[in-house]
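Residue-level structure breakdown
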Amino acid sequence: MDWFWWVLIIFWTGGFAWVADNVRTALRNRHERKLQLLEASRQERLAVEAAHKPPEPVCGCTHHLAKHDKKGRCHERVEVPTAWDENKKPLRFEAGQCNCQQYVGPQPLSQVFAEELTDRA
C-alpha cells in the first residue's frame, strides 16, 4: 500500500501531465511524418506517370496544335473583354477569335523525316 501514496503524490504534482504531453507530442509528430511520407510517395507517382507521357504540342496561347492551321493561325474561340471598371478589370466578355499567330511548342514526331537505316552504300 506504500506505493499507492507515491503514485498519488506524483499525480498531485503533475508528473503524469508531463508523460501525457510527451506521448501526445510524439503521436502528433508521427502523424505529421506519416502525412509527409504519403505526400512524397504521391508526388513520386505523379512524376513517374508524367515522365512516360509524350509532350503535348501546345501553342503559347495554351491551345492544342489541332486548333491551328498550316500557317500557324489559331482557330479557337476565346472570351474577349468588352467593358472595364475604374481599376481596369474586365466587366463583360464576348466571344472572339484567339489572336496568337504561331505554334511554338515541341515538334510533333509525325512531321520529322528520318532516313531509313540500310546496309547499302
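Everything below is about the structure printed above this text.
These numbers were taken from a predicted model, which means no experiment stands behind them.

Here we take up the side chain of His63. With respect to the helices, strands and loops of the structure, His63 is situated in the loop between helix H2 (15-51) and strand S1 (77-84). Its relative accessible area of 15% is what places His63 among the buried residues. In this structure, His63 is in contact with Pro57, Val58, His68, Cys74, Glu76, Val78 and Cys98, ignoring residues within four places of it in sequence.

For the structure on display, the rule yields 2 aromatic pairs. For the pair Trp3 and Phe4, a centre-to-centre distance of 6.4 Å together with 85° between the ring planes defines the contact as edge-to-face. Arranged with centres 5.9 Å apart and planes meeting at 75°, the rings of Phe4 and Trp5 form a pair that is edge-to-face. Note on Phe4: relative accessible area 35%, which makes it partly exposed. An aromatic cluster is built from Trp3, Phe4 and Trp5, whose rings are joined through pairwise contacts.

About the cut-offs
Residues numbered from 1 in each chain as written. Predicted model: local features only at pLDDT ≥ 70, side-chain atom pairs only at ≥ 80, totals over all residues. Heavy atoms only, no water. Helix = DSSP H or I, 4+ residues; strand = E, 2+ residues; numbered from the N terminus. Buried < 20%, exposed > 50% of the residue type's maximum accessible area, 1.4 Å probe, protein only. Contact = heavy atoms within 4.5 Å. Phe/Tyr/Trp six-rings, centres within 6.5 Å; stacked < 30°, edge-to-face > 60°.

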